[in-house]
Amino acid sequence: RRVLFRSGRNEFACRLDQAGIETRPLFYPLHEMPPYQHYAGNRAYPVTSALSRDGLSLPSAVTLSAAETGYIGQTIARQIATRRLARRIGIATRF
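The rules behind these values
In every chain, residue numbers begin from 1 and rise along the written sequence. Under the rules for a predicted model, residues below a pLDDT of 70 receive no local features and side-chain atom pairs below 80 are neither given nor counted, while totals for whole chains, interfaces and linings still include all residues. Side-chain measures were taken over the full set of non-hydrogen atoms in the model, leaving aside hydrogen atoms and water. Every axis in this analysis is a line fitted to C-alpha atoms, fitted for helices over the stretch in contact. Angles between the N-to-C directions lie between 0 and 180 degrees. Starting at the N terminus, helices and strands are each numbered in turn, a helix being any DSSP run of H or I of at least four residues and a strand any DSSP run of E of at least two. Note that the term roughly parallel is reserved for angles under 35 degrees, roughly antiparallel for angles over 145, roughly perpendicular for angles of 65 to 115, and oblique for everything else. Crossing handedness is read from the near helix: turned anticlockwise from the far helix by less than a right angle, it gives a left-handed crossing, and turned clockwise, a right-handed one. Contacts were defined at the residue level, with two residues in contact if any of their heavy atoms lie within 4.5 Å. Charged means Asp, Glu, Lys or Arg here, nonpolar means Ala, Val, Leu, Ile, Met, Phe, Trp, Tyr, Cys or Pro, and polar covers whatever is left, Gly included. A pairing counts as a salt bridge when a side-chain nitrogen of Lys or Arg comes within 4 Å of a carboxyl oxygen of Asp or Glu. Exposure categories follow from relative accessible area, calculated using a 1.4 Å probe and restricted to protein chains: below 20% of the type maximum is buried, above 50% is exposed, and the middle band is partly exposed. Here, expected helix span is obtained from the residue count minus one, scaled by 1.5 Å. What the arc describes is the spread of directions from the helix axis to the C-beta atoms. Within the patch definition used here, like charges are joined within 9 Å and nonpolar side chains (Val, Leu, Ile, Met, Phe, Trp, Tyr) within 5 Å, considering only residues with over 30% relative accessible area and no salt bridge. Accessible surface area values rest on a Shrake-Rupley calculation with a 1.4 Å probe, where residue burial reflects the displayed protein chains alone.

Student: Describe the packing of helix H1 (residues 9–18) against helix H4 (residues 66–89), and please don't skip the residues or the numbers.
Tutor: Contact geometry for H1 and H4: axes closest at 11 Å, N-to-C directions at 130 degrees. With respect to their mutual orientation, H1 and H4 come out oblique. Handedness of the H1/H4 crossing: right-handed. On the side of H1, the interface is formed by Phe12, Arg15 and Leu16, while H4 contributes Thr75, Ile76 and Gln79. Of the residues in the contact of H1 with H4, the class split is three nonpolar, two polar and one charged.

Student: Explain the pattern of salt bridges residue by residue, including any values.
Tutor: Per the counting criterion, the structure on display carries two salt bridges. The salt bridge partner of Glu11 is Arg15, with a shortest N-O separation of 2.7 Å. Placement of both Glu11 and Arg15 in helix H1 is noted, with a separation of four residues, approximately one turn of the helix. Residues Arg53 and Asp54 are paired through a salt bridge, measuring 3.3 Å at the closest nitrogen-oxygen approach. Using a relative accessible area of 8% as the deciding quantity, one classes Asp54 as buried.

Student: Outline H4, listing residues and values.
Tutor: For H4, which comprises 24 residues, the first-to-last C-alpha distance of 34 Å matches the rise-based estimate of 34 Å (1.5 Å per residue) to within 8%. Among all positions in H4, only Ile72, Thr75, Ile76, Gln79, Ile80, Arg83 and Ala86 are buried. Packing partners of the buried residues in H4 comprise H1. Remark: Gly90 follows H4 within two positions and exhibits a positive phi of approximately 90 degrees.

Student: Tell me what's going on with H1, and back it up with residues and numbers.
Tutor: Of all the residues in H1, the buried ones are Arg9, Phe12, Ala13 and Leu16. The buried residues of H1 occupy one face: seen down the axis, they fall within an arc of 100 degrees. Residues of H1 that are exposed and point over 90 degrees away from its buried face: Asn10 and Gln18. Against strand E1 (24–25), helix H3 (46–54), strand E2 (56–57) and H4 lie the buried residues of H1.

Student: Can you tell me about a nonpolar patch on the surface, naming the residues and giving the values?
Tutor: Taken together, the side chains of Leu26, Val47 and Leu51 make up a nonpolar region of the molecular surface, amounting to roughly 270 Å² of accessible area. By the secondary structure assignment, Leu51 is in helix H3.

Shown next, in the form of structure tokens:
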């Protein structure tokens, strides 16, 4: 299982915010919401729960230009590369 953010999701979101990219946590899973819990019937949905816990919503408006989506993708790629390099040389990162 590969999780990009883990407990550092908020830190990653802050880094994107500093670059001018708004994010927000993914919505809560329906099976965990009190009005809908009875539909789940005590079943666990671990993938849904993990996505909700660890995931971020990125800008996705149809009005985003190609330049804006490119910037978002490049910024995320740069953050991931920075994290990988930090791990390779032994610098701790939270995300």
